[in-house]
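Report on the structure
Spelled out, the chains give:
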Amino acid sequence: MNPGQLARARQVAPEALQPSWRRRLINWTLAVAAAAAFVAMCVDLQLAPASVLSGFGKLGTFLANSMPPSDGGDLPRILVALAETFAMALAGTVIATLVALPLGVIGAKTVVSQPVLHFVFRRSLDWFRGVPSLVWALILVSAFGLGPFGGVIALALADIPSLAKLFSEAIENADEKPLDGVRAAGVSPLMALRYGLAPQVVPVMASQVLFFLESNFRNAAVLGIVGAGGIGFELEERIRIFAFDQVVFIIGLYMICVAALDTVSQSLRQRLA
C-alpha cells in the first residue's frame, strides 16, 4: 500500500488502521478476561498435566492388553448387533422424516405467514432440539425397558425438531417463480406444491435426511451403551469384563461400517445436488 492509499484509508476508517487508546484498552481487557476464564475452566475441570500423564499411562495399558484384536468367537453375534444398529438408525431416521415433513411445511414463513404463530412454533422446535438423543434414550429405556425400541424412538425424537427446522428453511428459500407459473395454469394448491415446490426442495431434503442417517448410525452405538441395544450393548458388555482385545475389534469393525455408510451417503448426496 503506497502512502496515498494509506492516507485515504485513514480518512475512510481511521479506527481500523490506528485504534484509539480506549479501543486498545478494551481489546486487551477482553483478551485478558477470556484467557482468565479459560484458565479457570481448566482448573475447574482438573485439566492438570499430572492428570493427562496419568491418563496416558492407563491408555498404554489398555492398548497393550488389546493387541491383537479378537472377536472372542462371537463374530456372528457382533455382525447381528451391527445390523441391529443400522436398523435402529434407519428406522429412527424414517420416523423422524415422516413427522418432520408436515412440521417443516407448517414452520415455513411462506406457508404460515402469521409472525406470532411462526415465532412460537420455531421456538418450540428450538426448545425440543435442546434435548439430545442420549437423554431421550435414558428416559425411554426406563419407561419401555432394555432393547432397541427405546433407541429408535430416542433417535426419532432428537431428529424431528432439527429436520423440521431444516425442511422449513428449505421451503422458505425456494424460488417463488415456478410456483407462480404453476398457479397461473389454474391447478389446485396441492398440484402447485407438487410441481412448483417439490422439485426444488426434495433434493435438499433428501440430502439432509441422508446426513442424519449417517449421524444416527454413529449415535445408535452410544445409545446401546445405556441399554438401547445394538453394537453399543456389545461394547459395554466387553468393557465391563475388561475384554479390551474384543473392544478394539468391535470398534475397528464399526469404524469400517461407518466409513462405508458415509461413502455411500456422500455419493448419493452428490447425485442429488
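The rules behind the values
Residues numbered from 1 in each chain as written. Predicted model: local features only at pLDDT ≥ 70, side-chain atom pairs only at ≥ 80, totals over all residues. Heavy atoms only, no water. Helix = DSSP H or I, 4+ residues; strand = E, 2+ residues; numbered from the N terminus. Buried < 20%, exposed > 50% of the residue type's maximum accessible area, 1.4 Å probe, protein only. Contact = heavy atoms within 4.5 Å. Areas by Shrake-Rupley, 256 points an atom, 1.4 Å probe, with all protein chains shown as cover. Patch = residues over 30% accessible without salt bridge, like charges linked within 9 Å, V, L, I, M, F, W, Y side chains within 5 Å. Salt bridge = Lys/Arg side-chain N within 4 Å of Asp/Glu carboxyl O. Axes fitted to C-alpha atoms, helices over the stretch in contact; angles between N-to-C directions. Core = buried A, V, L, I, M, F, W, Y, C linked by side-chain atoms within 4.5 Å. Phe/Tyr/Trp six-rings, centres within 6.5 Å; stacked < 30°, edge-to-face > 60°.

Moving on: the overall build of the chain. Check the secondary structure of the chain and you find twelve helices and zero strands. Burial analysis of the chain (273 residues in total) assigns 30% to the buried set. Long-range pairs, those at least 24 residues apart, make up 76% of the contacts in the chain with a sequence separation of at least 6. With an accessible surface of roughly 16,600 Å², the chain has 70% of that area assigned to carbon and sulfur atoms.

It is worth spelling out the side chain of Asn216 at this point. Tracing the backbone shows Asn216 in helix α10 (residues 189-228). Classification of Asn216 as buried rests on a relative accessible area of 1%. Aside from chain neighbours lying at most four places away, what touches Asn216 is Ala89, Thr93, Leu155 and Asp159.

Take a nonpolar patch on the surface next. On the surface, Phe38, Val39, Met41, Val43, Leu45 and Leu47 cluster together to form a nonpolar patch covering roughly 650 Å² of accessible area. Looking at the element boundaries, Leu45 is found in the loop between α3 (21-44) and α4 (49-65). Of the residues examined, Leu45 reaches a relative accessible area of 57% and is grouped as exposed.

Moving on: the packing of helix α5 (residues 75-107) against helix α6 (residues 115-129). The N-to-C vectors of α5 and α6 enclose an angle of 145°; their axes lie 10 Å apart at closest approach. Here α5 contributes Leu103, Ile106 and Gly107 to the contact with α6, which in turn contributes His118, Phe121 and Arg122.

Mapped onto the secondary structure, Ser162 falls in helix α8 (residues 148-172). Its relative accessible area of 18% is what places Ser162 among the buried residues. As a C-alpha pair, Ser162 and Ala100 span 62 residues in sequence and 8.3 Å in three-dimensional space.

Before going further, it helps to examine the nonpolar core. Counting 16 residues, the largest nonpolar core has Leu163, Phe167, Ile171 and Val201 as the members making the most contacts within it. Contributing elements (two or more residues each) for this core: α5, α8 and α10. Per-element accounting of this core gives the leading share, six residues, to α8. Setting aside anything within four residues of it in sequence, one finds Leu163 in contact with Ala96, Thr97, Ala100, Gln208, Val209 and Phe212. With 14 residues, the next largest nonpolar core counts Ile78, Leu213, Ile231 and Ile250 among its residues.

Right, let's get into the pattern of salt bridges. Tallied over the full model, the rule gives five salt bridges. For Arg77, the salt bridge is made with Glu234, and the minimal N-O distance between the two is 3.0 Å. Here the residue Arg77 occupies a position in helix α5, and Glu234 occupies one in helix α11 (residues 231-240), the gap between them amounting to 157 residues. Looking at Arg77, the relative accessible area reads 38%, which means it is partly exposed. The closest approach of N and O atoms between Lys165 and Glu169, which form a salt bridge, is 2.7 Å. Here the residue Lys165 and the residue Glu169 both occupy positions in helix α8, the gap between them amounting to four residues, near one helical turn. In this structure, a network of salt bridges that share partners links the residues Arg77, Glu234 and Arg238.

Tallying each qualifying case throughout the model produces three aromatic pairs. An angle of 80° between the planes, with centres 6.3 Å apart, marks the rings of Phe211 and Phe212 as edge-to-face. Here the aromatic rings of Phe217 and Tyr254 are separated by 5.3 Å at their centres, their planes lie at 35°, and the arrangement is tilted. Of the two residues, Phe217 is situated in helix α10 and Tyr254 in helix α12 (residues 244-272); the sequence distance between them amounts to 37 residues. Assessed through its relative accessible area of 13%, Tyr254 is described here as buried.

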